[in-house]
Each structure stands twice: as C-alpha cells, then as structure tokens.
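# Observations on the three-dimensional arrangement
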Amino acid sequence: MSGFSDPAMLAAVKNSDCKLVVMHSLTVPADKKIVMTEPDVVSALLEWAKIRLNNIRGGGISENRLIFDPGVGFGKTATQSLTILRDINRFKSLGVALLIGHSRKSFLADFQGESIDDATVAISQSLAQSGIDYLRVHNVARHKQMLAIEKALHRG
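In this text, all values refer to a predicted model and were calculated from it rather than measured experimentally. (Residues numbered from 1 in each chain as written. Predicted model: local features only at pLDDT ≥ 70, side-chain atom pairs only at ≥ 80, totals over all residues. Heavy atoms only, no water.)

Spatially, β1-β2-β3-β4 is the arrangement adopted by the four strands of the open sheet, whose pairing is parallel. Looking at strand neighbours, the two that pair on one side only are β1 (20-23) and β4 (134-135), the edges of this open sheet. Alignment of strand β2 (residues 66-69) against strand β3 (residues 97-100), held across two bridges, turns out to be parallel. Among the inter-strand pairings, F68 is bridged to a residue of β3, identified as L98. (Pairing = 2+ DSSP bridges. Helix = DSSP H or I, 4+ residues; strand = E, 2+ residues; numbered from the N terminus.)

Here we take up the environment of V22. Relative to the elements of secondary structure, V22 occurs in strand β1. V22 sits in the buried class, given a relative accessible area of 1%. Setting aside residues no more than four positions away along its own chain, V22 makes contact with G3, F4, W48, R52, L53, I56, L66, I67, F68 and D69. (Buried < 20%, exposed > 50% of the residue type's maximum accessible area, 1.4 Å probe, protein only. Contact = heavy atoms within 4.5 Å.)

Following the criterion strictly, the structure yields three salt bridges and no others. R90 serves as the salt-bridge partner of D40, at 3.8 Å between the closest nitrogen and oxygen. One end of the pair, D40, is in the loop between β1 and α2 (41-58); the other, R90, is in the loop between α3 (78-86) and β3, and 50 residues separate them in sequence. By relative accessible area, D40 is classed as partly exposed at 36%. E63 serves as the salt-bridge partner of R57, at 2.8 Å between the closest nitrogen and oxygen. Note on R57: relative accessible area 24%, which makes it partly exposed. (Salt bridge = Lys/Arg side-chain N within 4 Å of Asp/Glu carboxyl O.)

Before going further, it helps to spend a moment on the packing of aromatic side chains. Evaluation of the coordinates by the stated rule reveals two aromatic pairs. Consider the rings of W48 and F68, whose centres lie 6.3 Å apart with planes at 45°: the pair is tilted. A residue pair is termed long-range when its members are at least 10 positions apart, and W48 in helix α2 and F68 in strand β2 qualify at 20 residues. Among the residues examined, W48 registers a relative accessible area of 12% and is labelled buried. Between F68 and F91, the aromatic rings sit 5.7 Å apart at their centres with planes inclined by 35°, giving tilted as the arrangement. Residue F68 is found in strand β2, and its partner F91 is found in the loop between α3 and β3; the two are separated by 23 residues along the sequence. Here F68 matches F91 in class, with each residue buried. Site record: aromatic cluster; members linked through ring pairs are W48, F68 and F91. (Phe/Tyr/Trp six-rings, centres within 6.5 Å; stacked < 30°, edge-to-face > 60°.)

Further remarks concern helix α4 (residues 116-129). End to end, α4 covers 20 Å across 14 residues, agreeing with the expected 20 Å (1.5 Å per residue, within 8%). Residues A119, T120, V121, I123, S124 and L127 constitute the buried set of α4. Its buried side turned inward, α4 meets α3, β3, β4 and α5 (140-153). Directly after α4, the chain includes G131, whose backbone phi takes a positive value near 85°. (Expected span 1.5 Å × (residues − 1).)

Right, dumping it as structure tokens:
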C-alpha cells in the first residue's frame, strides 16, 4: 500500500516544508483487478487513514503538512468510488486537508451519459460546496470558470 508506508519516504521529506499527500491505493501501480472487499468502504478508508496519519505524525511530520486523498478509482469499484464521493464529509473527521482526484475517471461513464468532463465538473461543484480543500482535475479552465460562478452565487 501507499500512503508513506515506506519509512525511507518519510525520511526523505521530514526536514522539508512541503505538503504531503497521503493517498490510499491497494497496489502501486493501480491494478483494476484488485479492489477493496470491505462492505463499508468509507469506514475502512477512515481506519486506514487514521493509522497512516498517526504513524506519519509519530515520525515528526506536522499535521498542517498532511493532505489525505482516499484514492478514488484506485483499488475501488465504480460503486465504491461513488460512495466515497457521496460520503466525503466523513473524511473531515481526520482533521487534515482533503484532496479528491476524480477527474476523467472511467467509473463516471457508468453513472452518466455523454461527457465524462461534464460529470467531473458536476462532481467538482458538489465537492467545492462541501469544502474540499483540493481538487485534482484535467480541465483547469473549465473548473476555474465553474468555481468563479460558485463564488459569485454564494457571496453574501
């Protein structure tokens, strides 16, 4: 598994000021044939993240440098990935910034029609409204436009 499980990775970044993305993936590189089998994928990810984040903190890395990415699409079925997105607010209990990399994931084709880019923007809009800290997307210009509209709509 990833998520800074290799002590050499922590040693390499310990004395830097960089942010660290702790991402869940069952295999590196990802293997579509290997997926999570837990019935409650979000609870399983939360438990994994708590252990990994505590180990990283114990290695001398401050919490304000940590970003958690549940690894949408990495070792998860389409339904599991959708469940993660639906229950994204549960991950806020970790007390660290959250990153979601949902852009152009093939599982989106299972849940919508013609454009995976349209689905990506729709999910980004929902995630932005949920207060997710970082979105990893491909079409930056389109997302910048959507976020500007979101901001204008939600001003006082």
